Amino acid sequence: MNRLPLSRVTRVALVSLMSLLAIPACSDDDADGPYADPHPSKGPGEETPDAGPPDSGTPDSGTPDSGTPDAGPTVWPQEFTCEGKETHALTFNPGQEQQLQNAVNDLKPCTTITLGAGTFRFDNAVTIRQDGITFQGAGRGAQGEGTGGASSTVLDFTNAAANTNGLDVVGKLFTLRDVALWGAQKDGLRVENSSNVLIQRIRTEWAQPNLPTNGKYGIYPVKSRYVIVEDCEAYNASDAGIYVGQTRYAIVRRNIAKQNVAGIEIENTKFAFVEGNTAIDNTTGLVVFDLPGNPIQGTDVLVTKNTITGNNRKNFASDSGSSSTVSQVPAGTGTFILASRRVEFVGNTWGNNNTVDIAVLSGLAIEPNPVLWSAGFFNFSTSDVSIHHNTFLGGSGGNVDSGETNPASRPLGYLISNLYAYGKAAAGVDRVEHVMWDGIDPAPRNENVANGMHLCFSNNVVPATTKASVVDLDLEAVQKKLTAATPDIVGAWAETRRYNQGAAPFNCSGFSPALKLP
Amino acid sequence: MRSPYMTRLGLAAVLLAAAVAACSGGNEDDTHIIDPPDAGDAGDASTPDSGLDAGDSGPGEDGGTDAGDDGGTDAGHEDGGTDAGTDAGSDAGPPPGTVTIPNELSGYNLFTGTPAGGDFKPVEGNIPYELTTPLFSDYSLKSRTLYIPAGKAALYSADAVLDLPVGTIITKTFAFPADFREPTKNVRPLETRVLVRQPQPVGWVAYPYVWNDALTEATLASGGKVFKDFSFIDEQGVTKKFDYLVPQRNQCQKCHHVVDEQDNQHLLPIGVKARYLNRDHTYGVQPVNQLQHLASLGKLEGLPPAAQVPRAPDAFNAGEADLTQRARTYLDINCAHCHNPKAQPGITSRLFLDIKTTDEFSLGYCKRPGSAGGGVGGEFDIVPGSHDTSILWFRMHTEISGKMMPEIGRALRHEAGAQLIADWIDAMPPRSCK
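Reading the values: the criteria
Residues numbered from 1 in each chain as written. Chains lettered and ligands numbered in written order. Predicted model: local features only at pLDDT ≥ 70, side-chain atom pairs only at ≥ 80, totals over all residues. Heavy atoms only, no water. Helix = DSSP H or I, 4+ residues; strand = E, 2+ residues; numbered from the N terminus. Buried < 20%, exposed > 50% of the residue type's maximum accessible area, 1.4 Å probe, protein only. Lys, Arg positive; Asp, Glu negative; His and termini not counted. Salt bridge = Lys/Arg side-chain N within 4 Å of Asp/Glu carboxyl O. Polar contact = N/O pair within 3.5 Å; in protein donor to acceptor, adjacent residues only side chain to side chain. Contact = heavy atoms within 4.5 Å. Core = buried A, V, L, I, M, F, W, Y, C linked by side-chain atoms within 4.5 Å. Axes fitted to C-alpha atoms, helices over the stretch in contact; angles between N-to-C directions. Parallel < 35°, antiparallel > 145°, perpendicular 65-115°, else oblique. Left-handed = near helix turned anticlockwise from the far one by under 90°. Nonpolar A, V, L, I, M, F, W, Y, C, P; charged D, E, K, R; others polar. Pairing = 2+ DSSP bridges.

> An account of the side chain of Asp357 of chain A is needed here, citing residue identities and associated values.
Residue and element names in this part refer to chain A. Within the secondary structure layout, Asp357 lies in strand β28 (residues 356–361). Buried within the structure, Asp357 lacks any salt-bridge partner; its nearest side chain of opposite charge belongs to Arg431, at an N-O separation of 8.1 Å. In this structure the side chain of Asp357 is engaged in a polar contact, spanning 3.0 Å, whose partner is the side chain of Asn353. The contact partners of Asp357, leaving out residues within four places of it in the chain, are Gly334, Thr335, Trp350, Gly351, Phe392, Ser396 and His434.

In structure tokens, the structure reads:
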């Protein structure tokens, strides 16, 4: 493969570029309405194998590397069914925690577990390793409610043994609904290696905001298939409120994520439909990305009708010593797209995100060694990103990292902040544009191809005061100039290029076939 | 508290066990607890234990599903068949060879006496064994026994877990002395974990039994138990206080699992591998090699001459092997049940710590974790020459929830183990990973 330009930058630049942005991975849930059939009957088309040709590094971004959902309605395969099988029902009330623990460890398939209202206090995770299980409470309660009321069921893990999740599930045809998971040591809900999963009307929360010691993920389905997360709420996770990882076919809709480091994350996931969610007051709102070393190549992600505003919370993730954490995302990042392909944003609303509404980044910005991306057939590049018919409210991009830049822990924010401080003084550009493209993909960069990765920004509503909407930052060049022995801020600024909405080369119109909600 | 809680078998018992093994065949019953040690079992004829399915799960899965109820009330009876058809309307009995899971440990008839009486010991045929290097679990003392049904034998494997027959029962009792400076006094067993090999399609299943405060009985606790603020005095005289976690049945799979080609997870024992069993144990008066002992009882087939049997050293005896071998052995027994190419965490992390892995990248040299999260001490799993910037060491050394490894099974740091890995990493030729 081609030698990547990033490998030739100075060591300082490389080190800092490597850690520009980092996202955590894992270390590892109807159809028409909120009360409709618990498992979807319709879904995207047949799954296609991941193993595309290892076409790494070549700037052929235009070709989708995976199958796309067909237009016609198809049925999500159900890997397990309870039809025709004996079903079982168990009921528990507060005070019966040990009985519940014994029961979930001896479950028969196709059992419905119903929890009465009130507070269940657990000293260990609740684990489920059986198929056809429904786990339901009396209601998720309201934000801040750590004690169950007359119509809510709170599973309190505050005093659980260290190193345990809250609810920890491996199973086919799993449904969880109407409970709150409170104060888990690690993840609130972890569902792994499961299929036909419905997570509905639950709440995950930690008592105190802004604590790095809070659990990592609120709702975390990973390495699964056919997952729906809907009408849920996630608060105060020290990593991500809702994190769908390494999953094929997922619907994430009508959820609320607030006060997390990252609100909603779609990671290494094929065929994800993210609709009607609210991501407010996180460090970063709603993000789509792949991580290196994962065999599932994320593709075909439709993000629509979401509200992603005011994500300016100080980054409170634990930040000591790892290269690979969400801790390095600057506060005020509405959305970032990284190492992603075939991602469509339509009908969403962004605004009041201090750093930028949308950052479009290459995977090489976090991991420059392409070998480490080999598991996903060198899926570091971002391509085919279409952002159209959205609304940008404004108020974004004027206070990078919410004014608390830190070159060591969040170097990307530091770099942008310095660059735009100069831009404001020299060129009157007083805020980061709505979309910031790092200019890396397709790598190596070809200056003669203005938009080789096929990033489209068109037909969006932007404030009347918006000057330019998209910036090609050419991060590699900017970085090199800013980190030279004699920093060259003038030269660095000159590497950036701005484009108005509707102007070439970003005035393209999506891709075909279009993504569709099931 | 009394001591010792599990006495060693006398020579007579060993001889008796050998005699029983020699004369007994298989068991024709559909199910059984185990063959009583004193039974002549005259009528037994060997039955094949293959080709079974019988649809639903066996009676082993029945106990305790009713919340708040003691599921295994029929425990301890020989006629396990009664348990089978009581639910689910399945008219088929359990597959032949199925072990009925009793609600009390005593129901297995694998031990006599009690820890309270100081005479808790395995019956003849329930063979105690030790490992050359055991897995660390919060400093607990562990007593292991292996019961292989009459007329059956394990099949030797040079690398893998011994192929143990259907009906095999492995027990491991976890105990703490009040003061590790006097490790045989005031020993308090907390739990006995039982692994049972049932007929297919069930395979290995795991059951935790928690000892009562009187130390007279251990009772099935499918949901596990947390001994809050449990404490002991360590070898330095320092009191250690922590929450001791008896794992739930489902949590047993966290360590005891392997993923097959269809991506299904199966339970598997960890320590019963030739290399860890290849050591002496005193069964009567004379120490004897455990593998040879099993073979001489007719419980192990295919054992090659001693010189050909691999041996994992005692990781903490510098006289047995060099630093690298000892460190790799420690990682193999403590980490490789997850960190291997056939276990989910290994597949995800691509960090393989089993003894067979030789390429440095898979072992973590200068390897970035895909998903370490924040604050794990470094950027790379192993930075050669620098243990304190190596994530591998950090995870072994830390006691912080969410960062420590293994994920369950310890709340305390294994000082000696972390030091061994630190020494190993520091002895590597230094290398910058950047």
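Having put the structure on the table, let's press on.
> Give me the nonpolar core: which residues, what numbers.
All names here are of chain A. Counting 67 residues, the largest nonpolar core has Phe135 and Leu189 as the members making the most contacts within it. Not counting residues up to four positions away in its chain, the partners in contact with Leu189 are Leu167, Val169, Leu176, Leu181, Ile199, Ile202, Gly218, Ile219 and Tyr220. Listed in part, the 43 residues of the second largest apolar core include Tyr217, Val222, Ala359 and Ala443.

> Could you give an account of the environment of Gly271 of chain B, with specific residues and numbers?
All names here are of chain B. Along the chain, Gly271 falls in the loop between β15 (265–266) and α3 (274–277). Relative accessible area serves as the criterion here: at 12%, Gly271 is assigned to the buried category. Here the alpha-carbon distance between Gly271 and Val161, two residues 110 residues apart in the chain, equals 7.3 Å. In this structure Gly271 touches Leu131, Tyr276, Leu277 and Ile333, once residues within four positions along its chain are discounted.

> Describe in detail the packing of helix α5 (residues 323–334) of chain B against helix α9 (residues 415–427) of chain B, supporting the description with residues and values.
Residue and element names in this part refer to chain B. For the pair α5 and α9, interaxial distance at closest approach is 9 Å and the crossing angle is 130°. Taken together, the axis directions place α5 and α9 in an arrangement best described as oblique. When the axes of α5 and α9 are compared, the crossing they make is left-handed. For the pair α5 and α9, the contacting residues are Leu323, Thr324, Arg326, Ala327, Arg328, Tyr330 and Leu331 in the first and Gly417, Leu420, Ile421, Asp423, Trp424 and Ala427 in the second. Across the contact of α5 with α9, the residue classes tally to eight nonpolar, two polar and three charged.

> Can you tell me about the sheet that holds strand β34 (residues 497–499) of chain A, naming the residues and giving the values?
The pairing of strands in a sheet comes from backbone hydrogen bonds and takes either a parallel or an antiparallel form. Residue and element names in this part refer to chain A. Pairing is mixed in the open sheet, where 12 strands are placed in the order β4-β7-β10-β13-β16-β19-β22-β25-β28-β31-β33-β34. Of all strands in the sheet, those bounded by a partner on one side alone are β4 (126–128) and β34. The mean inter-strand angle of the sheet, taken between neighbouring strand axes irrespective of direction, is 10°. Bridging between strand β10 (residues 189–192) and strand β13 (residues 217–222) involves four bridges; their strand directions are parallel. Residue Arg190 lies in a different strand from β13, and its bridge partner there is Tyr220.

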